[in-house]
Structure formats: structure tokens, C-alpha cells
Amino acid sequence: MSKERFAEMTGLSEGQVRGMIEKGHLPSMKCGKARMVNIARLSQEAINLEDWTA
């Protein structure tokens, strides 16, 4: 998912999303010249959290 679309869907600014990617808090991948948020990996990481079930 594009950084712009992810920002729109989460209510974060594009700068916040870019910062989270740069700091390693959001998984991303290079797709051509664009950097995309890796939604599949983000979902898998959330599922794998030990305290996921509350």
C-alpha cells in the first residue's frame, strides 16, 4: 500500500508514516521507485504477537 494511502486510512500524516518507516516501526518494501507499506507483513506481525488475544 502506498505511504499516502496508508496515511489516509490511519489518520496519520505522510510525514509520520515516512518517519515510522525510516525508524523501522512500519515494514516496507521498494516497488520500483516507490516505497510501499508492507500490509501483509504488518498483519502477520500483529497476529504473531503473544498478547494478541485480549
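Everything below is about the structure shown above.
All of these numbers come straight from a predicted model, not from anything done at the bench.

Draft legend 1. Fine view of the environment of S13. With respect to the element layout, S13 can be found in the loop between α1 (3-10) and α2 (14-22). Under the relative-accessibility criterion, S13 is labelled partly exposed at 36%. Expressed as a C-alpha distance, the spacing of S13 and K33, which sit 20 residues apart in the sequence, is 21 Å.

Draft legend 2. Structural context of the pattern of salt bridges. All told, the structure shown has 2 salt bridges when counted by the stated rule. A salt bridge links R5 to E8, with the shortest nitrogen-to-oxygen separation between them at 2.6 Å. Taken as a pair, R5 and E8 lie in helix α1 at a separation of 3 residues, close to a single helical turn. We classify E8 as exposed; its relative accessible area is 58%.

Calculation rules
All residue numbers here refer to positions counted from 1 along the written sequence of the relevant chain. The predicted nature of this model means local features are confined to residues of pLDDT at least 70 and side-chain atom pairs, given and counted, to a pLDDT of 80 or more, with totals for whole chains, interfaces and linings taken over all residues. Excluded from the side-chain calculation are hydrogens and water; included are all heavy atoms of the structure. Note on conventions: DSSP H or I runs of at least 4 residues are helices, E runs of at least 2 residues are strands, and numbering of each starts at the N terminus. Burial classes follow relative accessibility: with a 1.4 Å probe on protein chains only, a residue under 20% of its type's maximum area counts as buried, one over 50% as exposed, and anything between as partly exposed. The term salt bridge refers to a side-chain nitrogen of Lys or Arg lying within 4 Å of a carboxyl oxygen of Asp or Glu.

Everything listed here is a matter of coordinates, which is why it stays silent on function.
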